[in-house]
Amino acid sequence: MSVQDDEEFEKLLNEFISTQLQDVDTGLEDKAPLPAPERAALPDEVAELPDLSEATQAESESDGEDSSLSMLKENEKALFKALLNFKGAVDQIAEEKKLKKARFEPEPMLLFPNYKPSSGKKIADDAFLGWEVMIKAHPDIIGKINPEASDEQLLDFAENTENESLQFALISYVEILIEMEGCEIAYKERKLKREKRKLERQVYEEHQRRINLMNRYIEAINRKKFPINAERLVKNYFKTAQKDAEGAFKALTTRPAIFSPIEFDKIKPRLFGLIKVKPQDGIRFNKIIGEFIKKLKA
């Protein structure tokens, strides 16, 4: 190729790949979950095409990678098989045109134990290398593809392509896009579940912290044998504090009887019973209990 041909080739490749992969999330986690992909119907001719990934799969099995493949979940396994098919078809194209094979090899561990955004980034990079071979081998044919073509349009184009290897490469590429979207949806669902479990754990831990704090307050007040229901006092305070923490604490330390009334029958007469219990004793204990709680470090 001349320098000008190289530049046109790179421009065509970059334009097509960036457009085709723009709907596939390869790492941006802040997007809303994608809707379930609607599979485009593959042409009938696909069933008659040779599975160009067989050689690659055989090599993997001989290296002991078949066990890794069997460990993949269904979504990841479907995506990996699409990658194998794409790689096999691209390698076949390279052999037919005596070009260097695409410099990538699908690895099952890329998708183990689950698909993740980094997996999508690697797959996008590998797809770029595959398209590089396809464009070099069939620039005139690839040049007719609309860079903004939908999955359905790509499949229609593949169906009308006479070269079987190129046809299979295009179909496998669409399968990659579909399976990647499915894996991305599953990834986002797992992420939401993790975030939900994390939030639930935080809520539970906060609930336990509050219970422990309440119990320490109750025990401390009970040890002083104040004429008040400590459990009722503390629980009503915490309930009110959820709406107005500052106001509730001020009331607790100045007028605790608001949360639980003073129990006069528990107030002992003073001076060996000579001074009987009076309403003023309720005011006195209200102040004593409030001062005690204000200094309490539970």
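Use the structure listed above.
These numbers were taken from a predicted model, which means no experiment stands behind them.

Novice: Just checking my understanding: could you explain the side chain of E76 for this structure?
Specialist: Relative to the helices and strands, E76 resides in helix α4 (residues 74-96). It is R190 that comes nearest to the buried, bridge-free E76 among opposite-charge side chains, at 4.1 Å.

Novice: I'm lost on the pattern of salt bridges in this one. Help?
Specialist: Evaluation of the coordinates by the stated rule reveals eleven salt bridges. In this structure, D91 and K87 form a salt bridge, with 3.1 Å as the shortest nitrogen-oxygen distance. Taken together, the positions of D91 and K87, both in helix α4 and four residues apart, correspond to about one turn of that helix. The salt bridge partner of D126 is K122, with a shortest N-O separation of 2.9 Å. With D126 and K122 both in helix α5 (residues 117-137) and four residues apart, the pair spans about one turn of that helix. Each of the salt bridges in this network shares a partner with another, and the network as a whole consists of K87, D91 and E105.

Novice: So what exactly am I meant to see when it comes to the packing of helix α9 (residues 230-241) against helix α10 (residues 245-254) here?
Specialist: Two quantities define a packed helix pair, namely the angle between the axes and the distance from one axis to the other. The N-to-C vectors of α9 and α10 enclose an angle of 155°; their axes lie 8 Å apart at closest approach. What the angle tells us is that α9 and α10 run roughly antiparallel. Across the interface between the two elements, L233, Y237, T240 and A241 from α9 touch A245, A248, F249 and L252 from α10. For the contact of α9 with α10, the class distribution of residues is seven nonpolar, one polar and no charged.

Novice: When you look at unusual backbone geometry in this model, what are you seeing that I'm missing?
Specialist: In most cases, non-glycine residues show a negative phi, while peptide bonds are predominantly trans. Between F112 and P113 the backbone carries a cis peptide bond, its omega angle lying at 0°. Positive phi outside glycine occurs at K98, with the angle close to 55°. In this structure, K98 sits in the loop between α4 and α5. On the accessibility criterion, K98 (76% relative accessible area) is exposed.

Novice: What should I look at first to understand the environment of K266 in this one?
Specialist: Here K266 is to be found in the loop between α10 and α11 (279-295). Sequence separation of K266 and F226 is 40 residues, and the distance between their C-alpha atoms is 8.1 Å. Within the structure, K266 has its side chain in polar contact with the side chain of E263 (distance 2.7 Å).

Novice: Could you clarify how one ought to interpret α10 in this entry?
Specialist: Residues that lie three or four places apart on an α-helix share one face, since the helix turns once every 3.6 residues. Among the residues of α10, those classed as buried are A248, A251, L252 and T253. Residues of α10 that are buried in the fold lie against α9 and α11.

Novice: How should I be thinking about helix α7 (residues 151-159) in this particular structure?
Specialist: Restricting attention to buried positions, one finds in α7 the residues L154, L155 and A158. One side of α7 holds all its buried residues, which, seen down the axis, span an arc of 100°.

Novice: Quick question: what am I supposed to make of the packing of helix α8 (residues 164-223) against α9 here?
Specialist: The geometry of α8 relative to α9 is characterised by a closest axis approach of 9 Å and an angle of 140° between their N-to-C directions. Between α8 and α9 lies a crossing of right-handed hand. Contacts between α8 and α9 involve R210, L213, M214, Y217, I218, I221 and N222 from the former and A230, E231, L233, V234, K235 and F238 from the latter. Partitioned by chemical class, the residues of the contact of α8 with α9 number nine nonpolar, one polar and three charged.

Thresholds, definitions, all that
Residues numbered from 1 in each chain as written. Predicted model: local features only at pLDDT ≥ 70, side-chain atom pairs only at ≥ 80, totals over all residues. Heavy atoms only, no water. Helix = DSSP H or I, 4+ residues; strand = E, 2+ residues; numbered from the N terminus. Buried < 20%, exposed > 50% of the residue type's maximum accessible area, 1.4 Å probe, protein only. Lys, Arg positive; Asp, Glu negative; His and termini not counted. Salt bridge = Lys/Arg side-chain N within 4 Å of Asp/Glu carboxyl O. Axes fitted to C-alpha atoms, helices over the stretch in contact; angles between N-to-C directions. Parallel < 35°, antiparallel > 145°, perpendicular 65-115°, else oblique. Contact = heavy atoms within 4.5 Å. Nonpolar A, V, L, I, M, F, W, Y, C, P; charged D, E, K, R; others polar. Polar contact = N/O pair within 3.5 Å; in protein donor to acceptor, adjacent residues only side chain to side chain. Arc of directions from axis to C-beta. Left-handed = near helix turned anticlockwise from the far one by under 90°.

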